[in-house]
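One-letter residues, chain by chain:
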Amino acid sequence: MFPGFHGSGTHGGVRHAGGRPGARGVTDRDQRPRREAGGGRREAGGGGGDVAVDGAPGGGPRRVNHAAVAVGHRVYSFGGYCSGEDYETLRQIDVHVFNAVSLSWMKLPPVRTSGREQAREVPYMRYGHTAVLMDDTVYIWGGRNDTEGACNVLYAFDIGTHKWFTPAVSGMVPGARDGHSACVLGKTMYIFGGYEQLADCFSNDIHRLDTTTMAWSLVNARGTPARWRDFHSATIIGTKMFVFRRQGGPLYIFGGYNARLDRHYNDLWKFNPESFSWKKVDPRGKGPCPRRRQCCCMVGDKIILFGGTSPCPEQGMGDEFNLMDHSDLYILDFCPDLKTLCKLAVIQYRLEQSGLPHDIRWELTAMTTNSNISRPIFSSHG
């Protein structure tokens, strides 16, 4: 069975520059003004045997440079950048949860705090941070906002209680940064790269946090390291750390941006770490538009992709003057069953649903009803 995309329509929004002083770490073009761009749900798509598109709701959180983890059939998304939001005032980081069964988003209520000390247990709203899951705890590290700059405080989020706390750590704590990557091997969290604020440079160091002792240390790596970089991703396969993106056994790489060519992409590639070979993957269905800075999580046999930023459609794939943020969500199903394929056919061809079982009609409604997390879009161009 070929993998197939299904997802929601695109809901765009303006993204202005925000972030590092002097445009460090993001391209100079990232400092140019963006203009708002909207969009409606795409029609169920694809001829030529493609799987239909409309399989998940839109209207989720509009975010770029956010961080997410999958916990069972839920995806927890933490913070990120959204145009028009306040990143100068210190406020709690927001947490959105996507339910992969009901295909719906919800926003967790803010944590009640009493006193300045308790408030410090909750991370402030940020972007360019990382999130990793270890047992029932999500560890948030790094990131920045427009007032405090970058951060190197370790925050922990309890999945069961939805409570925040700041574990006491020791050792060589990495410098505050954003745009790094993080992954977990056993009970250890590794971080790589990013833009280090105090050093005023990109990093190619590896740091690790042993969560059994809560001690940080710098890894003295041998060989030629990956070049310094930010806004990449890394993963663990077996006992090896790979720098870019992996979902499942092989590494799957989607989209991204080539600054030299000034072009965004929406292609999907697979890297086999055993044979060290690349292969282009052509999923059925109409996938996401070209973009970068999206999030991907693996839930069962499905990759859930949401958010990111890309040029406004009328500007073409390479124009950086006008960027739009996305609140859409797509699901890449590697093993779609007959039930899923039939539901997608009902949506694609607008078949009569009245004679279908109640649970199937409920699932079809969930697949075609937008969430209302995102704020409305108002274009400055009328």
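Looking up the protein chain in an unreviewed UniProt entry gives the name Kelch domain containing 3, with the organism given as Anguilla anguilla.

## Notes on the pairing of strand S14 (residues 181–185)
In this structure, S14 lies alongside strand S15 (residues 188–192), joined through five bridges in antiparallel fashion. From the neighbouring strand, Leu185 faces S15, where its bridge partner is Thr188. Hairpin geometry of S14 and S15 is characterised by an intervening segment of two residues between the two adjacent antiparallel strands and by a positive phi of about 65° at Gly186.

## Side note on the sheet that holds strand S6 (residues 104–107)
A sheet is described by the order of its strands in space; here four strands give the open sequence S3-S4-S5-S6, paired in antiparallel fashion. The open sheet has two edge strands with one neighbour each: strand S3 (67–71) and S6. Shown here is a sheet whose adjacent strand axes are inclined to one another by a mean of 20°, direction ignored. Of the strand pairs in this sheet, strand S5 (residues 95–99) and S6 are connected by four bridges, and their pairing is antiparallel. Counterpart to Val97 in the pairing with S6 is Met106.

## Re the nonpolar core
One finds Tyr76, Phe78, Ala131, Val138, Ile140, Phe157 and Trp164 to be the most contacted residues of the largest nonpolar core, which totals 25 residues. Mapped onto this core, the elements with two or more residues apiece are S3, strand S4 (74–78), S5, strand S7 (127–134), strand S8 (137–145) and strand S10 (155–158). Setting aside its immediate chain neighbours within four residues, Ile140 contacts Phe78, His129, Thr130, Ala131, Val153, Leu154, Tyr155 and Trp164. Among the nonpolar cores identified, the runner-up in size contains 18 residues, and Leu103, Val299, Ile304 and Leu344 belong to it.

About the thresholds
- Residues numbered from 1 in each chain as written.
- Predicted model: local features only at pLDDT ≥ 70, side-chain atom pairs only at ≥ 80, totals over all residues.
- Heavy atoms only, no water.
- Pairing = 2+ DSSP bridges.
- Helix = DSSP H or I, 4+ residues; strand = E, 2+ residues; numbered from the N terminus.
- Axes fitted to C-alpha atoms, helices over the stretch in contact; angles between N-to-C directions.
- Core = buried A, V, L, I, M, F, W, Y, C linked by side-chain atoms within 4.5 Å.
- Buried < 20%, exposed > 50% of the residue type's maximum accessible area, 1.4 Å probe, protein only.
- Contact = heavy atoms within 4.5 Å.

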